[in-house]
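# Breakdown of the fold
Each chain, written out:
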Amino acid sequence: MRRLLPLGFAMAMALLPLVLKGYPITLLSYVGMAATAALGLVLLTGMGGLTSFGQAAFVGVGAYTTAWLTTVAGVSPWLGLLGAMATTGGLALLLGGATLRLGGHLLPLSTIAWGLALFFLFGNLDALGRHNGIGDIPPASLGGMALRSANAGFYLIWVGLGLAMWACANLLDSRQGRAIRSLRGGSAMAESLGISTFRLRLSVFVIAGLLAGLSGWQVAHVQRYVSPTAFDVGPGIEYLFMAMLGGAGHIFGAVVGAGLVTIARDVLQDVLPKFVANSGQLEVVVFGAVFIVVLQRARGGLIPVVLRWLPRATRPPPPDAPKLPRRAQPAAGTMVLAAHGLVKRFGGLVAVNDLSFELRAGEILGLIGPNGAGKSTTFNLLTGAAPPTAGRVRFLDADITGEPARLVAMRGLARTFQHVRLRPTMSLLENTMLGAHPRGRAGMLRAVFRLDRAEERQLRAEAMAQLRRVGLGDMAHELAGNLPLGRQRVLEVARALAADPMLIVLDEPAAGLRRPEKRALADLLRSLRAEGLTILLVEHDMEFVMELVDRIVVMDFGARLAEGTPAAIRADARVQQAYLGGVA
Ligand code: ADP
Ligand code: MG
């Protein structure tokens, strides 16, 4: 049923002009134009976690580009479409390249800054007609027929929007789309999976710009005039409101939000003057109130609320696909990872102090120590999450000291997180497929045209196999957020395995697990070792470590306190002392 929704929606929209005439069709055209711009924000904000108040400015750039090209330069509106998307896409590339590295609230602030700057330009450039804008823009034409009527404009807009929605839906259901949807989980997680978050954010930024360009083109050639006021930061905030109201996590959120806001404004502008004198712009107050209620009651917007009432889509098990190629594991006993004299200082605090140890292929090494001993910091130095102050790290035959986490991951070192990092709104299967990201090749363009399906089947089959291996196979289509914490940790192991690693580094995997779950995890890790995988276990839980690992390195105050077999460590007086002193 859920799968038929888009088709039913498209058919209903196609038939609407047969039943509705005149003004409602014009109003729905406005809905479509706004939805096209808001769709860009669904991708950018809802999926990619980047907030932009400047979308209306981009719509303006697109609208003015095609308006100028078709009136002054005299080119056809279809060339104007190319021009509009080229300028908005190019501008997004420039502005995104310059601002996307800004963290936290600096990025949204910078979008306000250039949103205002562009608005100022539109109103003050003579070539763009200053505050009067540009009028007499020719309509688009098809086969010699000018698309001048209200119905023609309606179809022009909604066919474009429909295609854009189809392309975005295809993109999001792909290797790169999953990576985009993982961005909200923070850079550390995505980078640890071999994903270049900067490049990906920039791509999403450009896609949002292209959609703004399309929306601007629709405005210019359906409305047939452009003026600056529609492209201020105010309308930019409104596009964001539309996306969030409808549901920024869903393609259809843009349409629902744009529809509600556009139609509600129209109704309110009719109704409010009957009750209040001087009611100009009073609808903004209503919108403000609605926004607060939405934030309180339905933070994900309206679509998730509606979806809760629909039956869940049942998915067939993934079809068999040729297996992804696997790396050759190093021969048992070869050196896999070596730390030489690692030091990490935080100001005056020496968190890791001249630490050295080696890890050989096919063994499980436990790194233990009391709280604050420096285990997690060591973990970060080994996996590229932080650079060491001094010392070297070798992985197989490469020196990886100071290499970023993404490149370390690509070499075949997979990790899990002490505080679980999963995408709660993605299924177990999709979360695991994220782990296999570096093993795929398909880019965004292939995804948009669904030319990536063969590879997708392979990634899916691989993820399914890993889920079965860790005992989560029968829950593959559940949302990761619905799992209890213990099983989320196991899901992170499946995600790490999907990368086909040579070394897997686990940060406190047994924390929060119940006894039978711990036993199952230990069995899993043993079977992985039997298959030739090398495992480094950073763990607090002595009992869990003792019965599982081959060797133990004990840390205390950042330095190596002892090293040896579990039996030797258990008998070591210094270790007992350290653990009795701390909280084991
Ligand atoms: P463990 O994982 O063994 O409990 P950590 O590696 O988390 O220990 O911490 C070791 C020490 O380094 C602690 O004293 C901790 O407060 C300090 N530390 C860890 N990360 C930072 C940081 N980013 N900035 C400052 N101090 C830190
Ligand atoms: Mg820790």
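Okay, the overall build of the protein next. Summing up its helical and strand segments, the protein has 23 helices and twelve strands in all. Within the protein, the fraction of its 584 residues that count as buried is 52%. Taking as baseline every contact in the protein between residues at least 6 positions apart, the subset at least 24 positions apart corresponds to 74%. Carbon together with sulfur atoms contributes 62% to the accessible area of the protein, which is approximately 25,800 Å² in total.

A few words now on the side chain of Asp-452. With respect to the helices, strands and loops of the structure, Asp-452 is situated in the loop between helix H17 (444–448) and helix H18 (453–469). The contact partners of Asp-452, leaving out residues within four places of it in the chain, are Ser-174, Ala-442, Arg-446 and Ala-447.

Moving on to the coordination of the magnesium ion (ligand 2). Donor atoms from the polypeptide that coordinate the magnesium ion (ligand 2) comprise Ser-376 (OG) and Gln-418 (OE1), at 2.1 to 2.7 Å from the metal. You can see Ser-376 sitting in helix H14 (residues 375–383) and its partner Gln-418 sitting in the loop between strand E8 (413–415) and helix H16 (428–435), a full 42 residues away along the chain. Owing to a relative accessible area of 29%, Ser-376 belongs among the partly exposed residues under this scheme.

Interhelical geometry of helix H2 (residues 23–47) versus helix H6 (residues 150–172) gives an angle of 20° and a closest axis separation of 8 Å. When the axis of H2 is compared with that of H6, the two are roughly parallel. H2 and H6 meet at a crossing whose hand is left-handed. Residue-level contacts link Ile-25, Thr-26, Leu-28, Ser-29, Val-31, Gly-32, Met-33, Ala-35, Thr-36, Leu-39, Leu-43 and Met-47 of H2 to Ala-150, Asn-151, Gly-153, Phe-154, Ile-157, Trp-158, Leu-161, Ala-164, Met-165, Cys-168, Leu-171 and Leu-172 of H6. Residues of the contact of H2 with H6, tallied by class, amount to 18 nonpolar, six polar and no charged.

A probe matching the size of a water molecule, rolled over the atoms, marks out where space remains unfilled. When its volume is computed, the second largest pocket comes out at roughly 1,100 Å³. Around the second largest pocket, the lining is made up of 34 residues, and of these Ala-230, Pro-235, Glu-238, Met-242 and Arg-265 lie nearest the centre. The leading source of residues in the lining of the second largest pocket is helix H10 (residues 233–246), at nine residues. The class makeup of the residues in the lining of the second largest pocket is 22 nonpolar, eight polar and four charged.

As a further point, take the domain arrangement of the protein. According to the domain assignment, the protein consists of domain 1 (4–307) and domain 2 (330–402 + 538–584). Its C-alpha centre places domain 1 at a distance of 51 Å from the equivalent point of domain 2.

Attention now moves to helix H9 (residues 197–223). Helix length check: H9, at 27 residues, gives a terminal C-alpha distance of 38 Å against a target of 39 Å (1.5 Å per residue), a fit within 8%. Along H9, 21 of the 27 residues are buried, which leaves the element largely enclosed by surrounding structure. Immediately downstream of H9, the backbone of Arg-224 shows phi near 70°, a positive value.

Let's shift gears to the site of ligand 1. Every residue lining ligand 1 is accounted for by Phe-346, Leu-349, Ala-351, Pro-370, Asn-371, Gly-372, Ala-373, Gly-374, Lys-375, Ser-376 and Thr-377. One of the backbone nitrogen or oxygen atoms of Gly-372 is found 2.8 Å away from an oxygen atom of ligand 1. At 3.0 Å from an oxygen atom of ligand 1 is found a main-chain nitrogen or oxygen belonging to Gly-374. Notes on ligand 1: free accessible area 560 Å², of which the protein chains cover 57%. Among the secondary structure elements, those contributing two or more residues to the shell around ligand 1 are strand E4 (349–360) and H14. Here the element with the most residues in the shell around ligand 1 is H14; it accounts for three residues. Broken down by class, the residue content of the shell around ligand 1 amounts to five nonpolar, five polar and one charged.

This brings us to H14. In terms of burial, H14 is largely enclosed, as seven of its nine residues are buried. Residues of H14 that are buried include every one of Lys-375, Thr-377, Thr-378, Phe-379, Leu-381, Leu-382 and Thr-383, and no others. Gly-384 sits one or two positions beyond H14 and adopts a positive phi of about 85°.

Another aspect to go through is the nonpolar core. Counting 92 residues, the largest nonpolar core has Leu-39, Trp-158, Leu-171, Val-226, Phe-231 and Tyr-239 as its most contacted members. Per element, the largest residue contribution to this core is 14 residues, and it comes from H2. Discounting chain neighbours no more than four positions away, the residues touching Val-226 are Ala-63, Tyr-64, Ala-67, Asn-132, Gly-133, Ile-134, Ile-137, Ala-220 and Phe-231. Leu-472, Ile-535, Phe-544 and Ala-562 belong to the second largest nonpolar core, which has 48 residues in total.

The next thing to look at is empty space enclosed by the protein. One pass over the full model with this rule turns up three cavities of 30 Å³ or more. What the largest cavity holds in volume is close to 110 Å³. Taken together, 14 residues line the largest cavity, and the ones lying closest to its centre are Ser-192, Leu-193, Ala-414, Arg-415 and Ala-499. Those elements that place two or more of their residues in the lining of the largest cavity are E8 and helix H19 (485–497). Of the residues contributing to the lining of the largest cavity, the split by class is eight nonpolar, three polar and three charged. The calculated volume of the second largest cavity comes to roughly 40 Å³. Secondary structure elements with two or more residues in the lining of the second largest cavity: helix H15 (405–410) and E8. With three residues, the top contributor of residues to the lining of the second largest cavity is H15.

Inspection of the sheet shows strand E3 (residues 335–346) paired to strand E6 (residues 390–395) by five bridges, in the antiparallel sense. Directly across from His-340, in E6, lies its bridge partner Arg-392. With two bridges connecting them, E6 and strand E7 (residues 398–399) associate as antiparallel partners. Bridge pairing in E7 places Phe-395 opposite Ala-398. Counted between consecutive antiparallel strands, the loop separating E6 from E7 contains two residues, among which Leu-396 sits at a positive phi close to 55°.

Judged by how many residues are buried, strand E10 (residues 534–539) sits mostly within the fold: six of six residues are covered. Going residue by residue along E10, you find Thr-534, Leu-536 and Val-538 tucked away on one face and Ile-535, Leu-537 and Glu-539 tucked away on the opposite face as well. The pairing of strand E5 (residues 364–368) with E10 spans five bridges and is classified as parallel. Within the sheet, the bridge partner assigned to Ile-368 lies in E10 and is Glu-539. Examined bridge by bridge, strand E9 (residues 503–507) and E10 share five bridges and lie parallel to one another. Directly across from Asp-507, in E10, lies its bridge partner Val-538. The parallel pair E9 and E10 is bridged by helix H20 (residues 515–530), and the resulting crossover is right-handed.

The rules behind each value
- Residues numbered from 1 in each chain as written.
- Chains lettered and ligands numbered in written order.
- Predicted model: local features only at pLDDT ≥ 70, side-chain atom pairs only at ≥ 80, totals over all residues.
- Heavy atoms only, no water.
- Helix = DSSP H or I, 4+ residues; strand = E, 2+ residues; numbered from the N terminus.
- Buried < 20%, exposed > 50% of the residue type's maximum accessible area, 1.4 Å probe, protein only.
- Contact = heavy atoms within 4.5 Å.
- Areas by Shrake-Rupley, 256 points an atom, 1.4 Å probe, with all protein chains shown as cover.
- Donors = N, O, S within 2.8 Å, 3.2 Å for Na, K, Ca; no water.
- Axes fitted to C-alpha atoms, helices over the stretch in contact; angles between N-to-C directions.
- Parallel < 35°, antiparallel > 145°, perpendicular 65-115°, else oblique.
- Left-handed = near helix turned anticlockwise from the far one by under 90°.
- Nonpolar A, V, L, I, M, F, W, Y, C, P; charged D, E, K, R; others polar.
- 1 Å grid on protein atoms, 1.4 Å probe; cavity = no way out; pocket = protein on both sides within 12 Å on 5 of 7 lines; lining within 4 Å.
- Points joined across faces, edges and corners; volume = space filled by probe spheres on them.
- Domains from an automatic or database assignment.
- Expected span 1.5 Å × (residues − 1).
- Near = heavy atom within 4 Å.
- Polar contact = N/O pair within 3.5 Å; in protein donor to acceptor, adjacent residues only side chain to side chain.
- Core = buried A, V, L, I, M, F, W, Y, C linked by side-chain atoms within 4.5 Å.
- Pairing = 2+ DSSP bridges.
- Right-handed = clockwise from strand over helix to strand, strands pointing away.

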